[in-house]
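# Architecture and fold: a report
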Amino acid sequence: MHPPVPEEPALRTRPSPRPLSAALALLLCAAACTGGGGSHDATDEAPGARPGAAGVGDRLFPGLGNGGYDVTRYRLTLDYAPDSHRLKGTAELTARATRALSSLNLDLAGLRVRGATVDGEPARTARTGTELRLTPTTALPKGRTFKATIVYDGRPRTISDPDGSEEGWIETEDGAVGLGEPTGSMAWFPGNHHPSDKAAYDITITVPQGYTAVSNGELAGRAEHGDRTTFHWRTAEPMASYLATVAIDDFDIHTTTTDGTLPQYVAVDPELADRAAGLPDQVTEVVDWETRTFGRYPFSSTGAIVADLPDLGYALETQTKPLFPSPPGEALLVHELAHQWFGDSVTPRAWKDMWLNEGFATYAEWLWEEDHDGRTAQEIFDDFYDGTDDESEGIWAFPPASPPSAGRVSDPPVYGRGAMVLHKVREAVGDKTFFAILRAWTRDHRHGNADTRQFIALCEKKAGQDLQDLFDVWLYGDGKPASATSPTR
């Protein structure tokens, strides 16, 4: 994500009722044939089974995620009617029980659950707030790989973040966009919505003819049937749910390959096509530069989505295709594409480590400017320290590695002061070691989760020196350091 910044000027037939889906019909039939779910106390095969936790214990977002299982794949089958803004969905989760489970929780906001199964057997459902609890007919033993299927529908909601921004399912003039950071994905599909549980995704979206449905990864199939078109998108590499997206509109589509090998897919709202005419070439240029700087590009494709959302106030690093609410400027494009390495491939274990996303992406902007005849990174650092850079306001409010609340995880210290931490590391260890650290970080934790402690350990290992004083002052220290010069032992 990028904080709200002054950018270029603001950008900017209901289908016939569908038959009852086969998945829903089977679920309702199974429930009816078993009297609504049968016995729910069969735990002989899973001794010690107990309910899964309703959260993963994240200090900033205690309600996000769920304990007791790990999702390996989501298969989402969606049908959206832009005129009525109604969504029908079937979510199939393939997961492994990390302990014996008598029930499990998923995160889901709004929408109506029509039925659920676990391994094909009906499961009882219960809702409390944004928690959806599934109780299977038979308890799940530890280590069991299982499939949970939920059929749901309704008009998905827009969610207000703790910081006041909007996410979730956002209606555009002609379609809709699903955005997830940090909590919005629960507005359009049930899941384990915490960044610590990454999974592969298959997302199939059916829309009226004339619309294009764009999602993460590669387009695996497209089929027309009557007055509807179905798009099937596949993401083989693990993805945190907050990075999942669906964008529906009558997009202009530009396909090419980056550097002759990497598929690139750029979707642009036709009203913005003239202002975004150079975007495909810019994406190619930035991805090539960042690959040289940070190491091998981590995914099987790249691209961008430009929607017409002039009031959204932010862009988002949705995996493989960052989403922009208007045609992006150069710095913003560099920032969101840098997230493909920092945040998307290497994802924080907890939201308190958001600086590992935003500090790195902000520093990528500094490096780009340095390499393209602008200010040096040192000059940008000095402008931030002196308060003369437009984005330096508020960067001393709290230490970047310790956001005080959920509403502050996207505040200036996480971005600007986070970038300053990286520059101080670069200053302390030298360019050769610093860029080796960046490439080792993206290589060693590729497609995984990592935390601040691991980053500090990597820096000290590569540098062969103790850097604790530096991190104590710049990463964890309160207020503005008395001097811009790093302490030394």
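Residues numbered from 1 in each chain as written. Predicted model: local features only at pLDDT ≥ 70, side-chain atom pairs only at ≥ 80, totals over all residues. Heavy atoms only, no water.

## Some points on unusual backbone geometry
The test is simple: Comment: elements are numbered from the N terminus, with helices defined as DSSP H or I runs of at least four residues and strands as E runs of at least two.
Here the bond from E181 into P182 is cis, since omega is 0°, no more than 30 degrees from zero. Relative to the assigned elements, P182 resides in the loop between β12 (176–179) and β13 (199–208). Non-glycine residue D373 carries a positive phi angle of around 65°. Residue placement: D373 occurs in the loop between α4 (355–371) and α5 (377–386).

## Concerning the packing of aromatic side chains
Put simply, the test is: For Phe, Tyr and Trp, where Trp contributes only its six-membered ring, two rings pair if their centres lie within 6.5 Å, and the inter-plane angle classes them as stacked under 30 degrees, edge-to-face over 60, or tilted in between. Burial classification: accessible surface area is computed with a 1.4 Å probe over protein chains only, and a residue below 20% of its type maximum counts as buried, one above 50% as exposed, and the rest as partly exposed. We call a charge positioned above a ring when the Lys NZ or Arg CZ atom is no farther than 6 Å from the ring centre and deviates by at most 35 degrees from the ring normal.
As enumerated under the stated definition, the model contains 29 aromatic pairs in all. Ring geometry for W366 versus F384: centroids 5.1 Å apart, planes at 50°, classification tilted. Here W366, found in helix α4, pairs with F384, found in helix α5; they are 18 residues apart in sequence, far enough to count as distant. Exposure class is identical for W366 and F384. Each is buried. Both rings, one in Y385 and one in W474, keep their centres 6.5 Å apart while their planes meet at 55°; by these two values the pair is tilted. With Y385 in helix α5 and W474 in helix α9 (residues 468–474), this residue pair connects regions lying 89 residues apart in the sequence. The pair Y385 / W474 is uniform in exposure class, with both members buried. Taken together, the ring pairs in this structure connect W289, F294, Y297, F299, W341, F342, W355, F360, W368, W441 and F455 into an aromatic cluster. The positively charged end of K480 is found above the aromatic ring belonging to Y385, 4.3 Å away from the centroid.

## Description of the pairing of strand β9 (residues 145–154)
Every other side chain in a regular strand lies on the same face of the sheet, so the side chains alternate between the two faces. The condition that has to hold: Should DSSP find at least two bridges between two strands, the strands are taken to pair.
Of all 10 residues in β9, 8 are buried; the element is thus mostly enclosed. Bridge count for strand β3 (residues 86–97) against β9 is 10 bridges, and the pairing is antiparallel. Within the sheet, the bridge partner assigned to A91 lies in β9 and is I150. Where strand β5 (residues 112–118) meets β9, 6 bridges bridge the pair, whose relative direction is antiparallel. When the bridges of β9 are listed, A116 appears paired with I150.

## What to know about the sheet that holds strand β21 (residues 323–324)
As a reminder of what qualifies: Note on definitions: a residue-residue contact is assigned when non-hydrogen atoms from the two residues lie within 4.5 Å. Helix axes are fitted to C-alpha atoms over the stretch in contact, other axes to C-alpha atoms as well, and angles between N-to-C directions run from 0 to 180 degrees.
Taken together, 4 strands build an open sheet; the order of strands is β18-β19-β20-β21 and the sheet is mixed. Each having just a single partner strand, β18 (252–258) and β21 make up the two edges of the open sheet. Note: strand β20 (residues 302–306) against β21, 2 bridges, orientation parallel. Residue pairing for β21: I305 is matched across the bridge by L323. Of the strands in this sheet, β18, β19 (262–268) and β20 are in contact with helix α2 (residues 279–294), which crosses β19 at around 140°.

## Quick notes on a negative patch on the surface
To keep it simple, the criterion reads: Here the term patch refers to residues with relative accessible area over 30% and no salt bridge, with like charges joined within 9 Å and nonpolar side chains (Val, Leu, Ile, Met, Phe, Trp, Tyr) within 5 Å. Every accessible area reported is derived by Shrake-Rupley at a probe size of 1.4 Å, with residue values counting cover from the shown protein chains alone. For this document, the term salt bridge refers to a Lys or Arg side-chain nitrogen within 4 Å of an Asp or Glu carboxyl oxygen. In this count, Lys and Arg are taken as positive residues and Asp and Glu as negative ones, while His and the chain termini are left out. By convention, the charge on Lys lies at NZ, on Arg at CZ, on Asp at CG and on Glu at CD.
Where like charges cluster on the molecular surface, the negative patch consists of E173, D174, D250, D252 and E271. Among the structural elements, D174 can be located in the loop between β11 (166–171) and β12.

## Description of the pattern of salt bridges
Opposite charge on two side chains makes pairing possible when the charged atoms of those side chains draw close. Going through the model one piece at a time under the given rule, you end up with 19 salt bridges. The closest approach of N and O atoms between R75 and E92, which form a salt bridge, is 3.8 Å. Taken as a pair, R75 in strand β2 (residues 69–81) and E92 in strand β3 lie far apart in primary sequence, 17 residues in all. Salt-bridge contacts for R155 lead to E171; the nearest nitrogen and oxygen are separated by 2.9 Å. With a gap of 16 residues between them, R155 in the loop between β9 and β10 (158–160) and E171 in strand β11 connect regions that are remote in the sequence. What emerges from the salt-bridge pattern is a single network uniting R73, R75, E92, D202 and R234.

So, to be careful, I would describe these as geometric facts and stop short of saying anything about function.
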